[in-house]
Amino acid sequence: MDGMTEFAPENFGSPAPPLLSVENVTLEYKTPGRVVRATQNVSFDVWEADRFILLGASGCGKSTLLKAVGGFIAPREGRIVLDGRTIQGPGPDRVVVFQEFDQLPPWKTVRENVAFPMRVSGRVGRKEAAERAEHYIEKVGLSRFADAYPNTLSGGMKQRVAIARALAMEPRVLLMDEPFAALDALTRRKMQEELLALWEEVRFTLLFVTHSIEEALVVGNRIALLSPHPGRMRAEINSHEWDLSSGGSSQFQAAANHIHRLLFEEAVAVDGADDE
Ligand SMILES: Nc1ncnc2c1ncn2[C@@H]1O[C@H](COP(=O)(O)OP(=O)(O)OP(=O)(O)O)[C@@H](O)[C@H]1O
Ligand SMILES: [Mg+2]
């Protein structure tokens, strides 16, 4: 922070507003004959440089929420506010990385794949796009493969390209929907660590969807637990409360058990309610 604004009277003593606010958001799909309610009155705030996790069972509406933040689905109720403005549709300030490895046009090299969305956005000139592409390809450790085509890369490498491509857009929020779920366990773990190392350097804001408790605890600093269908906010966990940074596996296990209990107890209650 520099300049005078930091000390302006109106800013003095007031906490920074959230970067992203999901306010009372209900999301629905209209299918022929019926309406599927995916989430109900979900609210959470994401601050700059948060690594915010949406965690919950399959079908609880995590991907749907991410799509809504991406601007691809409009809320039935509630609103989503980014930088003080209600989201009206997709924009270059939000970029999504998906689970699938086939997000990259196969006829473009790694370098072209990373530069392409910046050029399409019309906001980044050719020279800057090229520079940013080199920078972020280097950050994900793929400089040696800049001229390679996606089909010559492993799944983990393709996801690194997708991450470089997303970060090169320098979005306000990076949205990730189970980006490592299709990788083998070892590669997945490695990618989680690499993502954290990248975050240490770049300090982007992350909204990350997973149904793995372990992944949520490794990647996130704040975790929203969603109850099953339709997804509602069950609880919010701040990983600082668990002192996970000390590296103690017992603390990690305790946090995982705590989350498991919260998700599992809710699931039992809902299963019971369904047995009518
Ligand atoms: N295009 C669609 N049309 C109708 N219903 C849908 C559509 N996409 C998702 N749904 C329904 O909305 C609910 C939430 O789906 P969503 O994909 O958001 O869940 P999720 O938490 O991401 O699950 P998973 O962990 O399996 O990816 C589910 O009941 C699902 O069947
Ligand atoms: Mg999903």
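All figures in this text were calculated on a predicted structure; none of them were measured in a lab.

### A few points about the sheet that holds strand β9 (residues 222–226)
With mixed pairing, six strands are arranged side by side in an open sheet as β6-β7-β8-β3-β9-β10. Looking along the sheet, the strands with just one partner apiece sit at the ends: β6 (94–97) and β10 (233–238). Between one strand axis and the next, the sheet turns through 20 degrees on average, direction left out of account. Strand direction decides the pairing type here: β9 and β10, joined by five bridges, are antiparallel. Along β10, the bridge assignment pairs L225 with A235. Helix α5 (residues 185–202) rests against β3 (51–56), β7 (173–177) and β8 (206–210) of the sheet, and its axis sits at about 165 degrees to β8.

### Some points on the pattern of salt bridges
For the coordinates displayed, the defined rule picks out 20 salt bridges. The closest approach of N and O atoms between E23 and R79, which form a salt bridge, is 2.8 Å. One end of the pair, E23, is in strand β1 (residues 20–31); the other, R79, is in strand β4 (residues 77–82), and 56 residues separate them in sequence. With relative accessibility at 30%, the residue E23 sits in the partly exposed group. A salt bridge links R37 to E28, with the nearest nitrogen and oxygen atoms 2.6 Å apart. Residue classification places R37 among the partly exposed residues on the basis of a relative accessible area of 27%. According to the relative accessible area criterion, E28 is buried, its value standing at 16%. Through salt bridges with shared partners, a single network forms among E28, R37 and R76.

### So, the site of ligand 1
Around ligand 1 sit 15 residues in total, of which S58, G59, K62, S63 and T64 are the nearest. In this structure, an oxygen atom belonging to ligand 1 sits 3.0 Å away from a main-chain N or O atom of G61. In this structure, an oxygen atom belonging to ligand 1 sits 3.3 Å away from a side-chain N or O atom of H229. Its free accessible area being 640 Å², ligand 1 has 64% of it covered by the protein chains. Listed by contribution, the elements that provide at least two residues to the shell around ligand 1 are β1, β2 (34–46) and α1 (62–70). Broken down by element, the residue count for the shell around ligand 1 peaks at three residues, all from α1.

### Looking at the confidence of the model for the protein
With 89% of its residues at a pLDDT of 70 or more, the protein has an overall mean of 90. Contacts for the low-pLDDT stretch residues 1–5, under 50 throughout, to residues beyond four places or in other chains number two contacts.

### Quick word on helix α4 (residues 155–168)
Turn by turn, an α-helix covers 3.6 residues, leaving residues three or four places apart pointing in a common direction. For α4, built from 14 residues, the straight-helix expectation of 20 Å at 1.5 Å per residue is met to within 8% by its first-to-last C-alpha distance of 20 Å. The buried fraction of α4 is high, at 14 of 14 residues. At the exit of α4 stands E170, carrying a positive phi of roughly 50 degrees.

### Thoughts on the packing of aromatic side chains
Applying the stated rule across the entire model yields two aromatic pairs. A ring pair is formed by F44 and F52, whose centres lie 4.8 Å apart and whose planes are at 15 degrees; its orientation type is stacked. An identical accessibility class is assigned to F44 and F52; each is buried. With centroids separated by 6.1 Å and ring planes inclined at 55 degrees, the aromatic side chains of F180 and F208 adopt a geometry described as tilted. Taken together, the residues F180 in the loop between β7 and α5 and F208 in strand β8 connect sequence positions 28 residues apart.

### So, the side chain of S239
By the secondary structure assignment, S239 is in the loop between β10 and α7 (249–274). Setting aside residues up to four positions removed in sequence, S239 forms contacts with G220, N221 and L244.

The rules behind the values
- Residues numbered from 1 in each chain as written.
- Chains lettered and ligands numbered in written order.
- Predicted model: local features only at pLDDT ≥ 70, side-chain atom pairs only at ≥ 80, totals over all residues.
- Heavy atoms only, no water.
- Pairing = 2+ DSSP bridges.
- Helix = DSSP H or I, 4+ residues; strand = E, 2+ residues; numbered from the N terminus.
- Axes fitted to C-alpha atoms, helices over the stretch in contact; angles between N-to-C directions.
- Contact = heavy atoms within 4.5 Å.
- Salt bridge = Lys/Arg side-chain N within 4 Å of Asp/Glu carboxyl O.
- Buried < 20%, exposed > 50% of the residue type's maximum accessible area, 1.4 Å probe, protein only.
- Near = heavy atom within 4 Å.
- Polar contact = N/O pair within 3.5 Å; in protein donor to acceptor, adjacent residues only side chain to side chain.
- Areas by Shrake-Rupley, 256 points an atom, 1.4 Å probe, with all protein chains shown as cover.
- pLDDT = per-residue confidence, 0-100.
- Expected span 1.5 Å × (residues − 1).
- Phe/Tyr/Trp six-rings, centres within 6.5 Å; stacked < 30°, edge-to-face > 60°.

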